[in-house]
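Overview (structure and organization)
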Amino acid sequence: MALSPIDRRILAALQADGRMTIQALADRVGLSASPCLRRIRQMEEAGIIAGYSATVDQKAVGLPVSVFVQIKLERQRAQELDAFGAAIARWPEVMECYLMTGQFDFLLRVVCADLAAYEQFLRSKLTQVAGVASIESSFSLGQVKYSRVLPL
């Protein structure tokens, strides 16, 4: 689906405020409510709008620690990459996981309550995955920028 300028304005507005009413959104982008809703449904069906969620402050819910974990596998064959991906997909502590080029195979962002909780995650989950050759953890000292808003 090719995005029109109006579609891009709709997406920008929804990223800024996903709870906006259809009428308020339509007013903001210069459409009536029905065509605006139709465009939203088309973007949902095309997979451009992947879902809706609330952004929760991790510190406010008792998960102030972010750990960036670099994983190197023993082998980089598709089977091992898929097996690792399937294992970490089940763990709620892993907020993001990227297959990487370069020195490491995966980069994870893990959230936890404290150092002891991360140690428990490391011991009971991450080190139990077959085929992991090395794990390097870096603890975030503070967040400089965080955004879920794409630059449309």
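Here, every reference points to the structure presented above.
Residues numbered from 1 in each chain as written. Predicted model: local features only at pLDDT ≥ 70, side-chain atom pairs only at ≥ 80, totals over all residues. Heavy atoms only, no water.

So, the overall build of the chain
Tallying secondary structure elements over the chain gives 5 helices and 4 strands in all. Taking 15 Å as the expected radius of gyration for a compact globule of 152 residues, we find that the chain reaches 20 Å, considerably beyond that expectation. Seen through its C-alpha atoms, the chain measures out along the principal axes to roughly 55 × 35 × 25 Å. Expressed as a percentage of the 152 residues in the chain, the buried residues total 27%. For the chain, restricting intrachain contacts to residue pairs at least 6 apart in sequence, the fraction spanning at least 24 positions comes to 63%. (Helix = DSSP H or I, 4+ residues; strand = E, 2+ residues; numbered from the N terminus. Rg over C-alpha atoms; globule rule 2.2 N^0.38 Å. Buried < 20%, exposed > 50% of the residue type's maximum accessible area, 1.4 Å probe, protein only. Contact = heavy atoms within 4.5 Å.)

Focus on the environment of M100
Residue position: M100 is located in the loop between β2 (94–99) and β3 (106–112). C-alpha of M100 to C-alpha of I71: the two residues are 29 residues apart in sequence and 9.6 Å apart in space. Not counting residues within four places of it along the chain, the set of residues in contact with M100 comprises D105, F106 and L107.

Quick notes on the side chain of S66
By secondary structure assignment, the location of S66 is in strand β1 (residues 65–73). Setting aside its immediate chain neighbours within four residues, S66 contacts Q58, R109, V110, V111, S138, F139 and S140.

A few points about the sheet that holds β3
The strand order β2-β3-β1-β4 describes an open sheet built from 4 strands, whose pairing is antiparallel. The open sheet terminates on both sides in strands that have one partner only, identified here as β2 and β4 (132–139). Ignoring strand direction, the axes of neighbouring strands in this sheet form an average angle of 20°. Sheet topology places β1 next to β4; 7 bridges connect them, and they run antiparallel. Note that in β4 the partner of Q70 across the bridge is E136. (Pairing = 2+ DSSP bridges. Axes fitted to C-alpha atoms, helices over the stretch in contact; angles between N-to-C directions.)

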